[in-house]
Amino acid sequence: MFIIANDGDGYGIDRCLASGDRCGAAAANAYCRTQEFAQAASYRKVDRGAITGAIPAGRAGGCSGNTCDVVAIICTR
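Residues numbered from 1 in each chain as written. Predicted model: local features only at pLDDT ≥ 70, side-chain atom pairs only at ≥ 80, totals over all residues. Heavy atoms only, no water.

Draft legend 1. Seen up close, helix α2 (residues 25–34). Taken together, the buried positions of α2 are Ala28, Asn29 and Cys32. Along the long axis of α2, the arc covered by the buried residues comes to 100 degrees, so they all point the same way. Counted as exposed and oriented over 90 degrees from the buried face of α2: Ala26 and Thr34. Where α2 ends, the next residue or the one after it, Glu36, has phi of about 65 degrees, a positive value. (Buried < 20%, exposed > 50% of the residue type's maximum accessible area, 1.4 Å probe, protein only. Helix = DSSP H or I, 4+ residues; strand = E, 2+ residues; numbered from the N terminus. Arc of directions from axis to C-beta.)

Encoded structure:
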């Protein structure tokens, strides 16, 4: 399972990942492949409070402020 910051960038795929909609499958699968996994088994938005310290703030790959969603992607081999 990967916990990643899901900052909205205006492309809409972020909303698909965070909502778990089918349109996020391509992005979730691509993320898993970059981590040397075969595909995504699931992806969904998670509460930032439930994963304290997992998402860095103010650095590359982190959340800028309290406005971004956090997504859990479960990958399979």
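Now that the structure has been shown, the text picks up again.
Draft legend 2. Spatial organisation of the environment of Ala26. Topologically, Ala26 is positioned in helix α2. Sequence separation between Ala26 and Ala40 is 14 residues; the distance between their C-alpha atoms is 8.9 Å.

Draft legend 3. Region of interest: unusual backbone geometry. Within the chain, Glu36 stands out as a residue other than glycine whose phi angle is a positive 65 degrees. Within the secondary structure, Glu36 is located in the loop between α2 and β2 (39–46).

Draft legend 4. Inspection of the state of the cysteines at higher detail. The tally for this structure, following the rule as stated, stands at one disulfide. With its sulfur 2.0 Å from that of its partner, Cys32 forms a disulfide with Cys75. Torsion about the S-S bond of the Cys32 and Cys75 cystine: about -80 degrees, corresponding to left-handed handedness. Residue Cys32 is located in helix α2, and its partner Cys75 is located in strand β3 (residues 69–76); the two are separated by 43 residues in the primary sequence. Here the two residues Cys32 and Cys75 agree in accessibility, since each one is buried. (Disulfide = S-S within 2.5 Å.)

Draft legend 5. Main features of the sheet that holds β2. Read from one edge of the open sheet, three strands run β1-β3-β2, paired in antiparallel fashion. A single partner strand is all that each edge strand has here, and the edge strands are β1 (2–6) and β2. Across this sheet, the average inter-strand angle for adjacent strands is 30 degrees, counted without regard to direction. Bridge count between β2 and β3: seven bridges; the pairing is antiparallel. (Pairing = 2+ DSSP bridges. Axes fitted to C-alpha atoms, helices over the stretch in contact; angles between N-to-C directions.)

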